[in-house]
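Descriptive structure summary
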Amino acid sequence: DAMVNRYTQARRQGVYAYSLGDEVAVRGSDYSASDLAAYRQFLSAEYSGDISALNSNWGSAYASFGDVTLSNLTDRDELTSMKAGIWPRWFDRQSWASENFNLLCARFGRSFRRIDPKAIVGFEGAGRLLAGDDLDGFVRSNT
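Notes on the structure follow. Note that the coordinates shown come from a computational prediction; the quantities given were computed from them, not determined experimentally. (Residues numbered from 1 in each chain as written. Predicted model: local features only at pLDDT ≥ 70, side-chain atom pairs only at ≥ 80, totals over all residues. Heavy atoms only, no water.)

1. Considering the overall build of the chain
Heads up, the condition is: Helix and strand assignments follow DSSP, with helices taken as H or I runs no shorter than four residues and strands as E runs no shorter than two, numbered in order from the N terminus. The classification of residues rests on relative accessible area computed with a 1.4 Å probe and restricted to protein chains. Under 20% of the type maximum is buried, over 50% is exposed, and intermediate values are partly exposed. Should any heavy atoms of two residues lie within 4.5 Å, those residues are considered in contact. Calculation of accessible area relied on Shrake-Rupley with a 1.4 Å probe; when residues are assessed, cover is drawn exclusively from the protein chains displayed.
Within the chain, the secondary structure is distributed over 7 helices and 2 strands. Reading the secondary structure of the chain in the N-to-C direction produces α-α-β-α-α-α-α-β-α. Along the three orthogonal principal directions, the C-alpha set of the chain runs to about 60 × 25 × 25 Å. Split into buried and exposed, the 143 residues of the chain put 39% on the buried side. Restricting to contacts in the chain with at least 6 residues of sequence separation, those with at least 24 account for 63%. For the chain, the exposed area adds up to about 8,400 Å²; of that, 55% sits on carbon and sulfur atoms.

2. A short note on the packing of aromatic side chains
Just so we agree on the cut-off: Stacked, edge-to-face and tilted are the three classes for Phe, Tyr and Trp ring pairs, Trp counted by its six-membered ring, which pair at centre distances within 6.5 Å; planes under 30 degrees apart are stacked, over 60 edge-to-face, the rest tilted.
Applying the stated criterion to the full structure yields 5 aromatic pairs. Ring geometry for Y39 versus W96: centroids 6.0 Å apart, planes at 45°, classification tilted. Here Y39, found in helix 3 (residues 33-46), pairs with W96, found in helix 6 (residues 87-115); they are 57 residues apart in sequence, far enough to count as distant. The burial state of Y39 is the same as that of W96; both residues are buried. Arranged with centres 5.7 Å apart and planes meeting at 85°, the rings of W87 and W90 form a pair that is edge-to-face. Of this pair, W87 and W90 both sit in helix 6, separated by 3 residues, roughly a single helical turn. Since its relative accessible area comes to 47%, W87 is described here as partly exposed.

3. Observations concerning the environment of F108
On the secondary structure map, F108 appears in helix 6. Separated by 34 residues in the primary sequence, F108 and N142 have C-alpha atoms spaced 9.1 Å apart.

4. Focus on the nonpolar core
Selection rule: By nonpolar core is meant a set of buried Ala, Val, Leu, Ile, Met, Phe, Trp, Tyr and Cys residues that side-chain atoms within 4.5 Å join together.
With 13 residues, the main nonpolar core has Y39, L43, L54, W58, F65 and V68 as its most contacted residues. Only helix 3 and helix 4 (51-58) provide two or more residues apiece to this core. Counting residues per element, this core draws most heavily on helix 3, at 4 residues.

5. Digging into the packing of helix 3 against helix 6
Threshold: Working convention: axes come from line fits to C-alpha atoms, limited for helices to the stretch in contact. Angles between N-to-C directions cover 0 to 180 degrees. When an angle is under 35 degrees it counts as roughly parallel; over 145 it counts as roughly antiparallel; between 65 and 115 it counts as roughly perpendicular; any other value is oblique. The nonpolar class holds Ala, Val, Leu, Ile, Met, Phe, Trp, Tyr, Cys and Pro. Asp, Glu, Lys and Arg form the charged class, and all remaining residues, Gly among them, are polar.
At their nearest, the axes of helix 3 and helix 6 sit 11 Å apart, and the two run at 110° to each other. Considering the angle they form, helix 3 stands roughly perpendicular to helix 6. Contacts between helix 3 and helix 6 involve D35, A38, Y39, F42 and L43 from the former and R89, D92, R93, S95, W96, E99 and N100 from the latter. Of the residues that constitute the contact of helix 3 with helix 6, the class distribution is 5 nonpolar, 2 polar and 5 charged.

6. Digging into helix 4
For clarity, the cut-off: Note that the arc is defined by the directions from the helix axis to the C-beta atoms.
Turning to helix 4, its buried residues number three or more, namely I51, L54, N55 and W58. Across the axial projection of helix 4, the buried residues extend over an arc of 100°, all falling on one side. Summarising the contacts, the buried residues of helix 4 are in contact with helix 3 and helix 6. At the C-terminal side of helix 4, G59 shows a positive phi close to 70°.

7. Details of the side chain of N102
Its place among the elements puts N102 in helix 6. In this structure, N102 is in contact with D134, G137, F138 and S141, ignoring residues within four places of it in sequence.

8. Quick look at the environment of L20
Summarising the element assignment, L20 is placed in strand 1 (residues 18-22). Taking C-alpha positions, L20 is 9.3 Å from G109, a pair spaced 89 residues apart along the chain. Leave out the neighbours within four places in its chain, and L20 touches C105, F108, F112, V121, G122, F123 and N142.

Read these as spatial facts, not as claims about activity.
See below:
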């Protein structure tokens with residue numbers, strides 16, 4: 001909100017669109033305990049609470065979603081899994097990062113529409129198909 005509030009004066013002068021910038025390397029995840037906790041909740045929802053389904057896809061043996069961690073604690077993007085050919089694990093992490101970016105875009109959109117109800121909000125240059133980014137989701141989360 002603090003960032004959006006800086007544009008209140010510009011709004012009074014007329015704005016065509018609000019840009020979230022050029023997010024070439026979109027990554028909405030990190031190594032923090034809070035990110036890992038939220039990632040576990042995301043995975044639980046994606047797998048309908050069925051840890052055996054996750055284990056089947058990942059080739060893992062977790063007892064619960066609360067036990068899930070990164071394959072390498074210094075690899076926020078699960079590139080270790082990709083290199084090992086564990087594509088579902090890599091893709092799930094990319095889905096998580098994309099979901100976070102989509103939520104950020106939607107949040108900025110809501111904030112800009114607070115000062116400008118007809119705001120058009122978006123970004124340029126965000127995401128790469130080969131990186132597993134959810135390009136459709138990026139489009140849907142912006143106007």
